[in-house]
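Working through the structure, step by step
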Amino acid sequence: MSAAAIPHDHAHDHAHDHHEQSWIWKYVFSTDHKTIGMQYAVTGMLFLLFGFFLMLLMRWSIAYPGVPLPGIDVLRAIPGLGWAFEEMFGRWLNADGSLNGELYNMLGAMHGTIMVFFGIVPLGFAGFVNFVMPLQIGTIDMAFPKLNMASYWCFFVSCVLMMLSFFVGTGPVQTGWTMYSPLASTMTIGVSDVWNHGHTWWLMAMVFNISASLLGSVNVVATFINLRAKGMSYMRLPFFSWAMFVIGFLLLLAFPPLEVAALLQLSDRVFGSSFFLPTGLVEGGKHLDISGGGSPLLYQHLFWFLAHPEVYVLILPAFAILSDVIPNNARRPLWGYKTMVYSVLTLAFLSFLVWAHHMYLTGMGTMMSTYFQITTVLISVPSVILLTCLMISLWGGSIRFNTQMLFASAFLPMFGIGGLTGLPLAFSFIDLALHDTYYVIGHFHYVVAPGTLFALFAGVYHWFPKATGRFMSDKLGKLHFWPSLIGMNLLFAPMFIQGMAGFHRRWYDGGKYFEQTAAFQNWSTTFTHKVGAFLGLDIPDNMLSLNVVMSFGAFILALGQVPFIINFWISIKGGEKVKSDNPWQATTLEWATPTPPPHGNFVFDVNAHRGPYEYSVPGHPADFFPQWESAHGTPKPDGSDAPAKTESAHAAHH
């Protein structure tokens with residue numbers, strides 16, 4: 001078999017000796033890109049789980065307004081956990097244990113913040129780029145290892161600060177994940193102690209979070225440009241590395257405006273300035289004692305100048321991962337590789353020209369809104385090209401439907417739904433009607449939930465054997481996939497129907513008290529009512545019935561994550577051991593290392609002899625031809641048939 005290595009003791013694979021580090025420097029304050037990547041990935045997954053829990057609380061309130069949370073008395077009785085729940089959520093509940101609008105707003109703001117900035121970006125970008133990219137381009141580490149460590153620990157501090165905001169006097173923020181001024185800066189303005197404001201802690205957490213992203217993105221860009229292996233020209237780089245390079249640039253250019261906005265809003269809160277607070281604000285019939293003269297619109301511009309490129313920071317890791325997973329499991333080259341590279345570069349450029357389509361409601365003139373409508377439609381073109389290339393890569397393939405390929409295949413139509421439903425929102429006259437409705441929520445979540453998150457799961461299953469030397473269970477993986485696919489669609493598809501009926505995203509009671517809107521009926525509500533009647537459930541024949549469907553979908557989705565959690569943690573030590581350093585018979589350089597990769601990664605001088613997607617090459621003995629092989633089967637990833645690293649490589653390593 002071409003690149004398969006015989007079983008061996010990987011602990012002594014590396015050709016050069018290194019002084020043994022203490023546990024804390026090896027696994028906690030590590031400068032090794034692989035350890036840092038795993039730190040980011042595990043932290044990101046924990047926050048995704050926490051953000052998902054916040055969503056479940058919201059869905060209960062929407063489907064069953066005024067009904068006490070199930071199991072709340074049991075939860076409160078658990079030592080430690082009960083205290084934490086009471087401090088974070090319980091003190092805001094109604095006396096009967098049901099949710100109210102105040103707590104719902106807290107959950108909504110923190111769900112958005114945590115899933116985007118503390119979940120998807122740390123896992124999808126920081127986790128995968130740190131672990132995979134240096135291996136893919138054939139280098140021993142990131143360009144600045146200590147800066148890399150500093151990046152993770154800045155991120156860790158931001159995580160601690162964000163979690164502390166749940167425990168302060170006012171509780172976490174209630175003003176949405178966008179944190180618009182003047183509402184955010186004047187909320188609970190009567191509380192004189194600024195350290196008792198969840199808003200203060202949110203802003204400090206975001207400053208550390210953004211700083212971590214800037215440190216990491218500088219590292220990614222420098223590594224991509226300067227540390228490629230011999231023979232690794234730009235057009236021999238895997239698309240994964242290209243996409244991560246583009247994300248690094250997006251973060252580097254787009255995050256500073258948001259960091260400035262956070263610092264200025266922090267100044268408004270702590271020091272009494274008015275960068276975003278206009279003159280004449282009134283609350284409770286009284287003029288607020290502020291200096292005034294600020295611009296709320298300035299904050300929106302600064303926020304969305306980051307937040308639209310941030311959308312592509314969320315999406316591009318998915319395309320990056322699938323550009324490896326799909327060709328590998330279809331046993332076909334990536335179709336349109338160069339077209340995809342040019343498309344992702346075009347996408348990055350256009351992403352800085354569309355931010356104000358989030359701001360049509362601010363009253364911009366027709367000429368300006370026309371400009372942003374045009375750029376928004378234009379940016380859909382490179383996105384469609386990327387998706388189309390991945391779809392065509394399946395054509396004629398000998399597809400193996402392992403777990404990662406199931407998630408990758410499901411991504412394609414799910415992301416397509418998310419993208420197509422976003423196109424109408426590009427036009428201001430439609431957006432004015434649908435803004436802040438569930439239609440927008442459905443569109444965005446189809447992009448990042450069954451879209452990006454499915455791709456991230458595919459990446460975890462794909463690279464897990466390289467990181468740990470063991471497989472995750474394919475049976476548990478499929479038990480993870482199918483409930484996730486069904487639950488996602490039950491949860492998000494009805495949002496389009498409710499959104500077009502006028503349901504607002506911030507109705508904590510699910511629209512129960514908005515009778516004219518809630519009473520609307522169509523085929524979906526009638527069908528839900530009849531299914532409920534068949535099951536003996538009293539589900540009304542109106543738009544409120546879809547709240548029950550979506551919450552049921554959320555419950556199925558929650559159950560679907562249990563097999564993944566069990567699979568992930570048990571497989572680290574108990575999964576089936578890999579029998580080869582290249583168990584998926586892949587072609588890119590990360591599979592040219594011992595498993596798991598040792599300090600220094602490679603045990604022979606790496607040379608990229610060809611492009612990254614040489615599958616089903618006519619006349620080749622195997623159906624794949626790895627980048628590192630000069631001839632069929634040599635050199636092997638364990639270095640058993642290659643001389644030790646040259647002196648120059650040894651010097652570069654140290």
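Everything numeric in this text was worked out from a predicted model, so none of it was measured. (Residues numbered from 1 in each chain as written. Predicted model: local features only at pLDDT ≥ 70, side-chain atom pairs only at ≥ 80, totals over all residues. Heavy atoms only, no water.)

Scanning the protein from N- to C-terminus turns up 20 helices and 2 strands. On C-alpha atoms alone, the protein measures out to a radius of gyration of 26 Å, which is about the 26 Å that the 2.2 N^0.38 rule sets for 654 residues. Taken over the C-alpha atoms alone, the protein extends approximately 80 × 60 × 60 Å along its principal axes. Burial statistics for the protein: of 654 residues in total, 59% are counted as buried. A separation threshold of at least 6 residues defines the contact pool for the protein, and within that pool the share at least 24 residues apart is 79%. Averaging the positions of the 29 positive and the 35 negative side-chain charges in the protein gives two centres separated by 7 Å. (Helix = DSSP H or I, 4+ residues; strand = E, 2+ residues; numbered from the N terminus. Rg over C-alpha atoms; globule rule 2.2 N^0.38 Å. Buried < 20%, exposed > 50% of the residue type's maximum accessible area, 1.4 Å probe, protein only. Contact = heavy atoms within 4.5 Å. Lys, Arg positive; Asp, Glu negative; His and termini not counted. Charge placed at Lys NZ, Arg CZ, Asp CG, Glu CD.)

Right, let's talk about the domain arrangement of the protein for a bit. For the protein, the assigned domains are domain 1 (115-355) and domain 2 (578-654). Just the C-alpha atoms count here: the centres of domain 1 and domain 2 sit 34 Å apart. If you look at the interface, domain 1 gives 27 residues, while domain 2 gives 27 residues. Together, L135, I140 and R331 form the three largest contributors to the area buried by domain 1 at its contact with domain 2, with a combined 36%. Counting every contact that joins domain 1 to domain 2 gives 1 salt bridge. For D623, the salt bridge is made with R331, and the minimal N-O distance between the two is 3.0 Å. Here domain 1 is connected to domain 2 by 14 residue pairs in polar contact (both at pLDDT 80 or more). At the level of secondary structure, the elements contributing two or more residues to the side of domain 1 that touches domain 2 comprise α5 (101-137), α9 (239-270) and α10 (296-330). At 5 residues, α5 tops the list of elements feeding residues into the side of domain 1 that touches domain 2. Class assignment of the residues belonging to the side of domain 1 that touches domain 2 gives a composition of 15 nonpolar, 6 polar and 6 charged. (Domains from an automatic or database assignment. Buried area = accessible area lost by both parts, 1.4 Å probe. Salt bridge = Lys/Arg side-chain N within 4 Å of Asp/Glu carboxyl O. Polar contact = N/O pair within 3.5 Å; in protein donor to acceptor, adjacent residues only side chain to side chain. Nonpolar A, V, L, I, M, F, W, Y, C, P; charged D, E, K, R; others polar.)

Per the stated rule, a full pass over the model turns up 4 cavities of 30 Å³ or more. The computed volume of the largest cavity comes to approximately 140 Å³. What lines the largest cavity is a set of 18 residues, and nearest its centre among them are Y40, F125, A126, A212 and S213. For the lining of the largest cavity, the secondary structure elements donating two or more residues are α5, α6 (145-164) and α8 (198-226). (1 Å grid on protein atoms, 1.4 Å probe; cavity = no way out; pocket = protein on both sides within 12 Å on 5 of 7 lines; lining within 4 Å. Points joined across faces, edges and corners; volume = space filled by probe spheres on them.)

The subject of this paragraph is unusual backbone geometry. In this structure, P182 follows S181 across a cis peptide bond, with omega equal to 5°. Along the chain, P182 turns up in the loop between α6 and α7 (183-186). Non-glycine residue M179 carries a positive phi angle of around 55°. Along the chain, M179 falls in the loop between α6 and α7. Residue classification places M179 among the buried positions, given a relative accessible area of 0%. Phi is positive for S616, close to 50°, though the residue is something other than glycine. Within the secondary structure, S616 sits in the loop between α19 (544-574) and α20 (647-653).

The biggest cluster of nonpolar side chains holds 195 residues, and the ones touching the most others in it are F89, F118, F128, F239, L316 and F319. A domain-level breakdown of this core finds at least three residues from each of domain 1 (115-355) and domain 2 (578-654). Beyond its immediate sequence surroundings of up to four residues, F89 is in contact with F50, F53, L54, L57, L103, L107 and F166. (Core = buried A, V, L, I, M, F, W, Y, C linked by side-chain atoms within 4.5 Å.)

Bringing the pattern of salt bridges into the picture now. Tallying each qualifying case throughout the model produces 7 salt bridges. In this structure, the salt-bridge partner of K34 is D32, at a minimum N-O distance of 3.0 Å. Side by side, K34 and D32 carry an identical accessibility label, which is buried. The salt bridge partner of E576 is K579, with a shortest N-O separation of 3.2 Å. Bridged by salt links that share partners, the residues D436, R505 and R506 form one connected network.

The next thing to look at is the environment of P450. Looking at the element boundaries, P450 is found in helix α15 (residues 438-468). Looking at P450, the relative accessible area reads 0%, which means it is buried. Once the C-alpha coordinates of P450 and P413 are considered, the two residues, 37 residues apart in sequence, prove to be 9.3 Å apart.

Next up on the list: the packing of α10 against helix α12 (residues 366-392). Relative orientation of the contacting elements α10 and α12 amounts to 20°, with a least axis distance of 10 Å. In terms of orientation, α10 lies roughly parallel with respect to α12. The element α10 and its partner α12 pack so that their crossing is left-handed. Within the contact between the two elements, α10 uses Y312, L316, F319, L322, S323 and I326 and α12 uses I379, S383, L386, L387 and L390. Residue composition of the contact of α10 with α12, grouped by class: 9 nonpolar, 2 polar and no charged. (Axes fitted to C-alpha atoms, helices over the stretch in contact; angles between N-to-C directions. Parallel < 35°, antiparallel > 145°, perpendicular 65-115°, else oblique. Left-handed = near helix turned anticlockwise from the far one by under 90°.)

In this section: the packing of aromatic side chains. Within the structure shown, the criterion is met by 59 aromatic pairs. Note that R228 overlies the ring of Y234, its terminal NZ or CZ placed 3.9 Å from the centroid. In this structure, R610 is placed above the aromatic ring of F625, and the distance from its NZ or CZ to the ring centre is 3.5 Å. (Phe/Tyr/Trp six-rings, centres within 6.5 Å; stacked < 30°, edge-to-face > 60°. Lys NZ or Arg CZ within 6 Å of the ring centre and 35° of its normal.)

The residue R269 is located in helix α9 in this model. Once you skip the residues sitting within four places of it in the chain, R269 turns out to touch A184, S185, T186, M187, T188, I189, V194, H197, H199 and T200.

Before going further, it helps to spend a moment on the packing of α5 against α15. Orientation of α5 relative to α15, taken along the N-to-C sense of each, is 35°, at an axis distance of 11 Å. Note on packing geometry: the crossing formed by α5 with α15 is left-handed. Facing α5, whose interface residues are Y104, H111, I120, L123, G124, F128, F131, V132 and Q136, α15 presents Y438, H445, V448, T452, L453, L456, G459, V460, W463, K466 and A467. The class makeup of the residues in the contact of α5 with α15 is 13 nonpolar, 6 polar and 1 charged.

So, about a nonpolar patch on the surface. A cluster of nonpolar residues, W523, F527, V531, F534, L535 and L537, forms a patch on the protein surface that exposes about 750 Å² of accessible area. By the element assignment, F527 lies in helix α18 (residues 523-534). On the basis of relative accessibility, which here comes to 54%, the residue F527 falls in the exposed class. (Patch = residues over 30% accessible without salt bridge, like charges linked within 9 Å, V, L, I, M, F, W, Y side chains within 5 Å. Areas by Shrake-Rupley, 256 points an atom, 1.4 Å probe, with all protein chains shown as cover.)

Our focus in this paragraph is the environment of V617. Mapped onto the elements, V617 comes out in the loop between α19 and α20. Remark: the alpha-carbon pair of V617 and R332, spanning 285 residues in sequence, is separated by 8.9 Å.

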